[in-house]
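Understanding the architecture of this molecule
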Amino acid sequence: MVIFFGTLVSFYLSSFFTYQPKHYFVLSFVNAFVAAGMLLIGVRALPAIVLALIVHYVLFVDVAIGYAVLFSLVLPIPPILISQIHLKVIKHVKQQSSVLLMSSVYFLLFGLALPMLQTSLLLFVSYLSKISLSLEFMLLSSSSVALTHMILTPIIFLALSVLFGVGKSKYIALDEQIFEMNSTVWSYRVWAGVLLVTLGSIAIVPESMLLYSLWFFFLVTVFVGIGRFGIIRPMVLGLLVVGVMLYNATAKVNDAWGYDDRYVGLIEVLVAFVVLAYIHGSSTIRSFILSQEKIHNERTDPYTGLYNLAQLKDDVANCKKPILVFLDLWPTLSKLAGIGYSGQTQLLLQITRSLFTTRSDIKRAYRPPFTTGVLFILPMTDNVQRELVSISAMLDEFQFYWKGTSMSLVSHTLHCFPLPNDEDLDAKISTFCDQPYYAHQKILWFDDSEQSTPRMSRLLKVQHAIKHNEFVLYCQPYRHLHNSHSGSHFEVLLRLHPADGSQLEPAEFFPMVNEFGVEEQLDKWVIENTFKLLSENLLQWESINRCAINLTAKSLGDDELASFVLRLAEKYDIPLGRICFEITESAALENEAQAIATVEELKLAGCTIALDDFGTGYASFAYLRRIPVTVLKIDGEFIRNLPTNPTDRLIVESIHLVANNMSLVTVAEYVETEAHADLLREIGIDYAQGFGMAMPLPLDEHIKSINVSVGT
């Protein structure tokens, strides 16, 4: 019924744009409505369209029933044919996700092919009716058809989409998103104000060239707003302006009852203007989609599709009284080590899908770094405890389907924390998501005050250790995979042994060191005490191939570091050719220019430079282009599952290929078994470091063992 009556109404609207000498619709609402209906619902619209055409010709044009049926069957052929071709082409083009390409397809079909086909059909009908049509009228016909479908068909298509609820939310949401991203309140008001002032001027200016200049100025202003103020608003305004201009021009031509070159020229100018608007609008939409994809890629995990903390911060800021809920999956994942990363990814995806199904107000799930769980937001309500119980019940019933089997969660705890919007989210989540495993508590509210006492205790211990020299040097030897007699290779490690006998793991005190900002002080302590220990205890330097010392990103920005190392080397008589400084890639260099200068000076003095944690940090391969490294240490993330993960092996082989071509020595971290070592040897990696090769031990003990081996 909508298509039937809409077609009849479109004849009435088209009558205001009729070129009377030829009874031709210069702006054909009928043609646009037929095309829009076919684009939206396909051939289902055809019966209603044909019936409406017959009714119009018989009742309102007084055409014989035979001719009415003929015209009704023949005249819709071009828009229907082109619409069907367009739908089929778009199915293939859509896979490439190119807005410009889809716009080009629409322009070629509706802006070029359809006008030509429509004009050809018009010649055929005129032949049957024995009506003579001039070449000028053919030009007018093709231009008007192009203008109709370039500016009118999209608006009618959008209106029908809203009316039928087909893609309504998609089109309007896209328009609103573009508007919100590109515009501000004041700029929109200025734009709208200019349009209103121009309209007021048009209303009082008499018929003249100035009036047409004002109309075109109005069009240019509308053109400027395309993309900046959405797409739909400028399109509707542009249609209104073009409609008024065509109505006035058509009325003048009809009064003169003759052909006017300026009339066709106006239509051609409008067509050119609309084509430019299409190109501009398509480019705007494309830029918006690309920026949205970039933001999405930056804010989601590529494997699971879960969002990161950057997106969480935005969502928390837009949520009143948010509650952070963290589901720790470690109890389950620790029992499912054999499923690999793909299995873990599937577990996360299936759980988040169940969460979205259970709770419509949970829009996103987040994966905090260095955790084995899922984080999501709930709004604080009076019934929040009941809602949490409902989610917990869902998790009790949850089944994880994997390779033909299903299993339930081993156990679960929902850690909950009401988060005020002014909280430091990064610090809060790092503490909140680091909760111990509770086997028998399914819902646990996080109390931040309970965390302050142990944290303060750790801070005091680190402060005391720095003041009273309570740090101890350890080392971890690593093995040469191709030469067992190449001398000792080891990395110097730092441990904290407080005088009170308590123990603090590196993961506990290193964040405190960073918080106090004493990385440089601690790095210099490690360098000096390593040099001193080696100088006082090592019998033969030839027994050491490489002693590796870590340098933080902050230390590398110290312009005095290189001279400090050289002074200590001279003081303790250290051959710097045996010393390797490791630069961690997992932290960004604060002063890259100074860091490169420091590295080059150390290398010139004979030191070896290693790039640690390669492959997972800030710079990846870009560091290799700028920093003159000698050793590449492959991050253990690619080594841990090497025997069972073909992708990890491919990555390690690729890193080895790059390193080999650059004449770099390679060291694999986290080598835990001989099977790992055998695979690395087969790939061609030079050294293996990890618990499977040697456990960390005090540096002085390792030096003693080196001396013993030299003596034997």
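Description of the structure in this document. Just so you know, these numbers come straight off a predicted model, no measurement behind them. (Residues numbered from 1 in each chain as written. Predicted model: local features only at pLDDT ≥ 70, side-chain atom pairs only at ≥ 80, totals over all residues. Heavy atoms only, no water.)

With that settled, consider the packing of aromatic side chains. Applying the stated criterion across every chain, the model contains 17 aromatic pairs. Ring geometry for Phe17 versus Phe29: centroids 6.0 Å apart, planes at 35°, classification tilted. Of the two residues, Phe17 is situated in the loop between α1 (2–14) and β1 (18–19) and Phe29 in helix α2 (residues 29–41); the sequence distance between them amounts to 12 residues. With respect to burial, Phe17 and Phe29 carry one shared label: buried. Where Trp191 meets Phe229, the ring centres are 4.7 Å apart and the plane angle is 25°; that geometry is what we call stacked. (Phe/Tyr/Trp six-rings, centres within 6.5 Å; stacked < 30°, edge-to-face > 60°. Helix = DSSP H or I, 4+ residues; strand = E, 2+ residues; numbered from the N terminus. Buried < 20%, exposed > 50% of the residue type's maximum accessible area, 1.4 Å probe, protein only.)

Moving on: the sheet that holds strand β9 (residues 471–477). The sheet built from 10 strands is open, its strands ordered β10-β17-β16-β15-β14-β13-β12-β11-β9-β18 with mixed pairing. Across the chains shown, the open sheet's two edge strands, defined by having one partner strand only, are β10 (479–480) and β18 (697–698). Strand direction decides the pairing type here: strand β14 (residues 608–614) and strand β15 (residues 631–634), joined by 3 bridges, are parallel. Note that in β15 the partner of Phe614 across the bridge is Ile634. Where helix α20 (residues 519–537) meets the sheet, it contacts β9, β11 (488–496), β12 (544–551) and β13 (579–584), and its direction lies at approximately 160° from that of β12. (Pairing = 2+ DSSP bridges. Contact = heavy atoms within 4.5 Å. Axes fitted to C-alpha atoms, helices over the stretch in contact; angles between N-to-C directions.)

What the rule picks out here adds up to 15 salt bridges. Where Glu653 meets Arg649, a salt bridge forms, and the shortest distance between an N and an O atom there is 3.0 Å. Of this pair, Glu653 and Arg649 both sit in helix α25 (residues 646–661), separated by 4 residues, roughly a single helical turn. Glu653 gets classed as partly exposed once you look at its relative accessible area, which sits at 32%. Residue Arg649 is classed as partly exposed on the basis of its relative accessible area of 23%. If you follow the salt bridges from partner to partner, you end up with Glu491, Glu582, Lys633 and Glu669 in one network. (Salt bridge = Lys/Arg side-chain N within 4 Å of Asp/Glu carboxyl O.)

Before going further, it helps to examine the packing of helix α3 (residues 46–59) against helix α4 (residues 65–74). Between α3 and α4, whose axes approach to 9 Å, the crossing angle comes to 140°. As α3 packs across α4, the resulting crossing turns out to be right-handed. Contacts between α3 and α4 involve Val50, Leu53, Ile54, Tyr57 and Val58 from the former and Ile65, Ala68, Val69, Phe71, Ser72 and Leu73 from the latter. (Left-handed = near helix turned anticlockwise from the far one by under 90°.)

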